[in-house]
Amino acid sequence: MRAAAEWANFRNASTLCASTLALALALGLTPARAQQAPSSLRAALMERLDRAHPTRDRAAVSEIGARADMRVALAGTASGAARLKDEAADGPDDDDAGTDLDPVVTVPPPELDAEPDAAVAPEVSAPPSATGQEASAEQLLPRPNAALKAALETRSVAGFKGSLGPLNRREREAVAAFYAARGFAPLWSSDGKPNIEVEPVMERLARAAEDGLDIRSTPTNPAQANSEEALVAADIALTDAVVAYGRQASGSRIDPHSISPLIGAKPEVADVSVILAIVATAGDQAGAALRGFNPAQKGYEALRDKLAELRHERVPSAARAPRGPAPAIKIGGREPRAALERARLSPEARQSGAFEDIAYETGTIDSGPSGGRSGSRLQSGRTAAAPPPRLEAEIIANMERWRWMPRDLGDSRIEVNIPDFEVTVIENGRVVHRNRVVVGKEQTPTPIFSNQMKFLIVNPAWNVPPSIIRKEMMPRLASDPGYLRRLGYQVAYVGGRLTVRQPPGERNALGRIKFMFPNDYSVYLHDTPSRALFSEARRAFSHGCVRVDDPFSFAESVLGRANGWSEQRIKGLIGGRERYVYLPKPLPVHIEYFTTYVDDSGRLQSRDDIYGYSHRVKAALGLES
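Residues numbered from 1 in each chain as written. Predicted model: local features only at pLDDT ≥ 70, side-chain atom pairs only at ≥ 80, totals over all residues. Heavy atoms only, no water.

> Whenever I open this one, the overall build of the protein confuses me. Can you help?
Counting its regular elements, the protein contains 23 helices and 18 strands. Relative to its 625 residues, the protein shows a buried fraction of 52%. As displayed, the protein offers around 28600 Å² of accessible surface, 51% of which is attributable to carbon and sulfur atoms. (Helix = DSSP H or I, 4+ residues; strand = E, 2+ residues; numbered from the N terminus. Buried < 20%, exposed > 50% of the residue type's maximum accessible area, 1.4 Å probe, protein only. Areas by Shrake-Rupley, 256 points an atom, 1.4 Å probe, with all protein chains shown as cover.)

The following block contains the structure:
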């Protein structure tokens, strides 16, 4: 268990890479020992990767390292060398189109330096043409290892131009590399008997749907294998399922950018080697270790619990204890079942009040500022035995978007939930301030991303974005060339391009204060002179920036009264020139998009899908067309 605990500690270490993990498992070492081991193979691989990809992050380098490991292994067999030659001639497969494939390793690696108390993994060398040496090397492998190697090679050739099982091509290659680095030893059994990790892993895989995952099918338990061939097949199938779970749980199913180019969130997808190294060494906690690849944020866990509750309520009523007549419920009420119906109905149906004649047994939910009409009621023409599955799909789609969020949000942070039209300030995990906000229109959505707020500006000037100049100001200037100057804008031509600046003042579009955090979208939080818009329920009116109601109280919560920044002191900076105030330390900012969430009192909340992102996520997951 000491090794398993150390794997957990090393999970997020910046020095962890695929070849280190492979070396550790191959030699039976802990991660620390593996990193200290003088491995010329690992050093050569990572040195070459660093030269080729100096700017890649750890996850990307780790994945490339795993693929390079596998190519080294393939180069040591005649069939593998032929496959690499075919790949070079054919180019990438469909499921790898556009990826930056690592160059083939053609030089056989030096020997590994073995630990005194560990058996050395079989050396992966031999030139591609050495068919006799290959056969000799395979004869040295134990029978299960040789059978597993043959099965992986067969799968590699058969699946090279298509998809086999739940993994894509790169994931299958990483699995093969992982086995190769272990000398093709079975991962889930020893001496023909299943390891202690098998049962808890099988149980977790069978319950993958609890987290909205789709592993396609639960693999055969290696304990049920009645032949060497069946044991090998079960080992590979279980490995594939574990990798599929870990990758899906950490966000591999959807590229957020495919939902919208204005979604800058990037899931931290776990590396294949990391998944297998952690789970395969976790002992009787292997199921929990596998589940741990799901988001750990409270918001995600609360949605998972609500999903379980809804599925329980879908059990036919005859299977549960009988209850009294079902009361009619309000669409705008605070019953969980009201949210189910709101989620089922289209926005057009909600606006027209054309509710279907249906009622539920118990429960409430708050529809929020943009929910249903408070006077509408569902009359009980019949009683539904279960909530409609559409809300389940909505919850799963929101759980998926949690996978895009940083795993460490920060104990103190700022969160803007776009569909909720609200910004919250959180200190030490507790909400200390809330403000209404105005977000981007459907045509000019507020981007979704995370960054850090570093400073704020009192009395900001507004440098009008070129898009607004082109789309909104230029047409007016054509008929009224002096209208911008009459409104107090400063107009100039720089390099033949029109620039427009609005100086600080009461009429400034940014109001008296703006909150700055670097991002690729040139958006920020700011005050506004258009205060009447905060009384609207659906507050999507901006060009993409986030307008904050009562911004100086928000500024006090951000800067901290304990740090000497009261609302009155900040207002005292109001004047005619820009005043910069830096935060005591950068504060994480998360611009989010959650249409369903659980509030502080445990009620399920439902919000309109104002940008259509939730619909696109559900379609991508196959939850709706």
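On we go.
> What is the right way to look at the environment of Y597 in this model?
Inspection of the secondary structure puts Y597 in strand β17 (residues 596-598). Taking the C-alpha atoms as reference, Y597 lies 9.3 Å from K306; in sequence the two are 291 residues apart. Excluding anything up to four places from it in sequence, Y597 contacts L303, N417, D420, R603, L604, Q605 and R607. For Y597, the side chain forms a polar contact with the side chain of R607, separated by 3.2 Å. (Contact = heavy atoms within 4.5 Å. Polar contact = N/O pair within 3.5 Å; in protein donor to acceptor, adjacent residues only side chain to side chain.)

> Explain the sheet that holds strand β9 (residues 462-463) here, please?
The strands that make up a sheet are held in pairs by hydrogen bonds between backbone atoms, and each pair lies either parallel or antiparallel. An order of β9-β11-β10 is seen for the three strands of this open sheet, with the pairing classed as antiparallel. Whereas interior strands pair on both sides, the edge strands pair on one side only; in this sheet they are β9 and β10 (490-494). By the bridge criterion, two bridges tie β9 to strand β11 (residues 497-502) in an arrangement that is antiparallel. Bridge pairing links N463 to R501 in β11. (Pairing = 2+ DSSP bridges.)

> It is not clear to me how the nonpolar core should be interpreted in this structure. Could you clarify?
If you look at soluble globular proteins, the nonpolar side chains tend to sit buried side by side. L525 and F554 are the most contacted members of the largest nonpolar core, which has 76 residues in total. Top element by residues in this core is helix α18 (residues 389-402). It accounts for six residues. Of all hydrophobic cores here, the second largest spans 41 residues; its members include A180, V201, V279 and L290. (Core = buried A, V, L, I, M, F, W, Y, C linked by side-chain atoms within 4.5 Å.)

> Looking at this structure, how should I read the pattern of salt bridges?
For side chains bearing opposite charge, pairing can occur when the charged atoms are close. The full count for this structure, using the stated rule, is 26 salt bridges. The partner of R169 in a salt bridge is E173, with the nearest N and O atoms 3.4 Å apart. A residue pair is termed a helical-turn pair when its members lie 3 or 4 positions apart in one helix, as R169 and E173 do in helix α9 (residues 169-181) at four residues. Exposure remark for R169: the relative accessible area of 1% places this residue in the buried category. What makes E173 buried here is its relative accessible area of 3%. When the shortest N-O distance is used, the salt bridge between D480 and R486 registers 2.5 Å. The exposed category is assigned to R486, whose relative accessible area is 57%. (Salt bridge = Lys/Arg side-chain N within 4 Å of Asp/Glu carboxyl O.)

> Would you take a moment to explain the packing of aromatic side chains for this structure?
Pairs of aromatic rings are described using the distance from one ring centre to the other and the angle between the two planes. As enumerated under the stated definition, the model contains nine aromatic pairs in all. Relative to F554, the ring of F515 has its centre 4.9 Å away and its plane inclined at 80 degrees; by these criteria the two rings are edge-to-face. Of this pair, F515 sits in strand β12 (residues 513-516) while F554 sits in helix α21 (residues 551-559); the two residues are 39 residues apart in sequence, bridging distant segments of the chain. Of the two residues examined, F515 and F554, each falls in the buried class. Seen in terms of ring centroids, Y593 and Y613 are 4.9 Å apart; in terms of plane orientation they differ by 50 degrees. Their pairing is tilted. Here Y593 is found in the loop between β16 (579-592) and β17, whereas its partner Y613 is found in helix α23 (residues 613-620), with 20 residues between them in sequence. The exposure classification of Y593 matches that of Y613, with both residues buried. Taken together, F449, F517 and Y521 form an aromatic cluster joined through their ring pairs. Over the ring of Y483 we find R476; its NZ or CZ atom is 4.2 Å from the centre of that ring. (Phe/Tyr/Trp six-rings, centres within 6.5 Å; stacked < 30°, edge-to-face > 60°. Lys NZ or Arg CZ within 6 Å of the ring centre and 35° of its normal.)

> It is not clear to me how the packing of helix α10 (residues 198-206) against helix α11 (residues 228-249) should be interpreted in this structure. Could you clarify?
Relative to each other, α10 and α11 sit at 55 degrees, their axes nearing to 11 Å. When the axes of α10 and α11 are compared, the pair comes out oblique. The handedness of the crossing between α10 and α11 is left-handed. Taken together, the residues of α11 that come into contact with α10 (itself represented by V198, V201, M202, R204 and L205) are L238, A241, V242 and Y245. Its residues assigned to classes, the contact of α10 with α11 comprises eight nonpolar, no polar and one charged. (Axes fitted to C-alpha atoms, helices over the stretch in contact; angles between N-to-C directions. Parallel < 35°, antiparallel > 145°, perpendicular 65-115°, else oblique. Left-handed = near helix turned anticlockwise from the far one by under 90°. Nonpolar A, V, L, I, M, F, W, Y, C, P; charged D, E, K, R; others polar.)

> Help me out: how do you make sense of the environment of V269 in this one?
Here V269 shows up in the loop between α12 (256-259) and α13 (272-279). For V269, a relative accessible area of 22% corresponds to the partly exposed category. Between the C-alpha atom of V269 and that of R247, which follows or precedes it by 22 residues, the distance is 6.0 Å.

> Mind showing me how you'd approach the pairing of strand β8 (residues 450-458) here?
On a regular strand, each side chain points to the face opposite its neighbour's, so the side chains alternate between the two faces of the sheet. For β8 and β16, the ladder comprises eight bridges, and the chain directions are antiparallel. Residue pairing in the sheet places M453 in a bridge with L587 of β16. Examined bridge by bridge, β8 and β12 share four bridges and lie antiparallel to one another. Paired with V458 across the bridge in β12 is I513.

> For this particular structure, what's the right way to read the side chain of N519?
Tracing the backbone through its elements, the reader meets N519 in the loop between β12 and β13 (525-526). Separated by 2.8 Å, the side chain of N519 and the backbone oxygen of F517 make a polar contact. A distance of 2.9 Å separates a polar atom in the side chain of N519 from the backbone nitrogen of S522. Contact partners of N519, with chain neighbours within four places excluded, come to F449 and N451.

> What is the right way to read α21 from this model?
The α-helix winds at 3.6 residues per turn, so residues separated by three or four positions along the chain end up facing the same way. With nine of nine residues buried, α21 lies mostly within the body of the structure. Among the residues of α21, P551, F552, S553, F554, A555, E556, S557, V558 and L559 are the ones counted as buried. Two residues or fewer past α21, G560 is found with a positive phi of approximately 95 degrees.

> For this particular structure, what's the right way to read unusual backbone geometry?
Where the residue is not glycine, phi is negative for most of them; where a peptide bond is considered, it is trans in most cases. The phi dihedral of N428 is positive, around 50 degrees, even though this residue is not glycine. Within the secondary structure, N428 sits in the loop between β6 (422-427) and β7 (430-440). For D550, which is not glycine, the phi torsion reads 50 degrees and is therefore positive. For D550, the position within the fold is in the loop between β15 (546-548) and α21. On the basis of relative accessible area, D550 is assigned to the partly exposed category, the value being 38%.

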